[in-house]
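# Reading the structure
Take a look at the letters that make up each chain.
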Amino acid sequence: YRNIKNAIQFLLSGNMAGIFCVLYTSFRGLPLPFAPVHLLFINLLTDSLPAIAIGMERGEEGLLQEGPRDPKEGILTKAFVRILLVQGGMIGAATMWAYGLGLAEGGPGTASTMAFSALTLARRFHGFNCRSRQSLVRLGLGSNPYSLMAFGLGALLLGAVLFVPGLQAMFDVEALSPVQTAAVVCAAFMPTLGIQIGKMIVF
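So, here is what we can say about the structure in this document. Owing to the predicted nature of the structure, the values given are computational and were not obtained by experimental measurement. (Residues numbered from 1 in each chain as written. Predicted model: local features only at pLDDT ≥ 70, side-chain atom pairs only at ≥ 80, totals over all residues. Heavy atoms only, no water.)

### Some words on the overall build of the protein
- Of regular secondary structure, the protein possesses 9 helices and 0 strands.
- Judged by the C-alpha coordinates and their principal axes, the protein covers about 55 × 35 × 30 Å.
- Looking at the protein residue by residue over its 203 residues, the buried ones come to 43%.
- Residue pairs in contact within the protein that sit at least 24 positions apart in sequence constitute 80% of those at least 6 positions apart.
- Working note: accessible area of the protein is about 10500 Å², and carbon and sulfur atoms make up 70% of it.
- For the protein, the centre of its 14 positive side-chain charges and the centre of its 10 negative side-chain charges are spaced 7 Å apart. (Helix = DSSP H or I, 4+ residues; strand = E, 2+ residues; numbered from the N terminus. Buried < 20%, exposed > 50% of the residue type's maximum accessible area, 1.4 Å probe, protein only. Contact = heavy atoms within 4.5 Å. Areas by Shrake-Rupley, 256 points an atom, 1.4 Å probe, with all protein chains shown as cover. Lys, Arg positive; Asp, Glu negative; His and termini not counted. Charge placed at Lys NZ, Arg CZ, Asp CG, Glu CD.)

### A closer look at the environment of Val-185
- Turning to its location among the elements, Val-185 is positioned in helix α9 (residues 178–202).
- A C-alpha to C-alpha distance of 27 Å links Val-185 and Val-81, two positions 104 residues apart in sequence.
- Setting aside its immediate chain neighbours within four residues, Val-185 contacts Leu-121 and Phe-125.

### As for the pattern of salt bridges
- By the definition in use, this model includes 3 salt bridges.
- Among the ionic pairs, Asp-47 bridges to Arg-124, the shortest N-O distance being 2.5 Å. On the criterion of sequence distance, the pair formed by Asp-47 in the loop between α2 (36–46) and α3 (48–55) and Arg-124 in helix α5 (residues 108–129) is long-range, its members being 77 residues apart.
- By relative accessible area, Arg-124 is classed as buried at 3%.
- Measuring nitrogen to oxygen at the nearest pair gives 2.8 Å for the salt bridge that ties Arg-131 to Glu-57. Highlighted residues: Arg-131 in the loop between α5 and α6 (136–139) and Glu-57 in the loop between α3 and α4 (78–106), separated in sequence by 74 residues.
- Given the relative accessible area of 0%, Arg-131 is considered buried. (Salt bridge = Lys/Arg side-chain N within 4 Å of Asp/Glu carboxyl O.)

### A word on the nonpolar core
- Of all hydrophobic cores here, the largest spans 21 residues; its most connected members are Phe-34, Phe-41, Phe-116, Leu-119 and Val-161.
- Where this core is concerned, the elements lending two or more residues are α1 (2–27), α2, α4, α5 and α7 (145–163).
- It is α5 that contributes the most residues to this core, 7 residues altogether.
- Leave out the neighbours within four places in its chain, and Phe-34 touches Gly-18, Cys-21, Val-22, Leu-39, Thr-95, Ser-112, Ala-115, Phe-116 and Leu-119.
- Ala-118, Ala-183, Val-184 and Ala-187 belong to the second largest nonpolar core, which has 7 residues in total. (Core = buried A, V, L, I, M, F, W, Y, C linked by side-chain atoms within 4.5 Å.)

### What about α4?
- Here α4 spans 41 Å end to end across 29 residues, near enough to the 42 Å set by a 1.5 Å rise per residue.
- Inspection of α4 places Phe-80, Leu-84, Gln-87, Gly-88, Ile-91, Gly-92, Ala-94, Thr-95, Met-96, Ala-98, Tyr-99 and Gly-102 among the buried residues, and these make up the whole buried set.
- Of the surrounding secondary structure, the elements contacted by the buried residues of α4 are α1, α5 and α9.
- Gly-107 lies just past α4 and shows a positive phi near 100 degrees. (Expected span 1.5 Å × (residues − 1).)

### Quick look at the packing of aromatic side chains
- The full count for this structure, using the stated rule, is 5 aromatic pairs.
- Judged by centre distance (5.5 Å) and plane angle (70 degrees), the rings of Phe-41 and Phe-116 are edge-to-face. Of this pair, Phe-41 sits in helix α2 while Phe-116 sits in helix α5; the two residues are 75 residues apart in sequence, bridging distant segments of the chain. The pair formed by Phe-41 and Phe-116 is uniform in burial state, with each residue classed as buried.
- Both rings, one in Phe-41 and one in Phe-171, keep their centres 5.4 Å apart while their planes meet at 75 degrees; by these two values the pair is edge-to-face. Placement of Phe-41 in helix α2 and of Phe-171 in the loop between α8 (165–170) and α9 is noted, with a sequence separation of 130 residues between them.
- On the accessibility criterion, Phe-41 (3% relative accessible area) is buried. (Phe/Tyr/Trp six-rings, centres within 6.5 Å; stacked < 30°, edge-to-face > 60°.)

Structure representation (structure tokens):
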């Protein structure tokens, strides 16, 4: 049950980030940050891998010492929705930072490519956040090898789309400079860094 709930958190918070990005650009009258093929790539090809890996997470120490949950309580509690909004907002803000940088440096095509790349990679990082309430420092990055494999395969698919010429045209992306690529990686990693610091403080 815990793993199912964590997988739902991963999927909904990531989609919330995409919704925030589209709403932000729409309200400001900016070009849309994602093409339909971008969202299909994220949801169908790469999001399924971390969600499955979260489902393979081992039971935490002391799990059976916790009190029973209320059987009448639904998954979308106020606290759960608050987590979705906060984490989705952080990922969305990082994505929009990459989008703004691309818009300033190369125009709508570059902005869309950077937003798509940042959102995809941020959601790959976010898979580690949703493994547990505990931080990765306490869990151990390698304690769930499936999460590492899911991240690696997702990053490999994204790299193929960004750097293989035939796939660039198919997925409507532009070639990024090394500096732009580094900016995308930094933007994608920052939400996870913030979430992990918060977990270390609270748990």
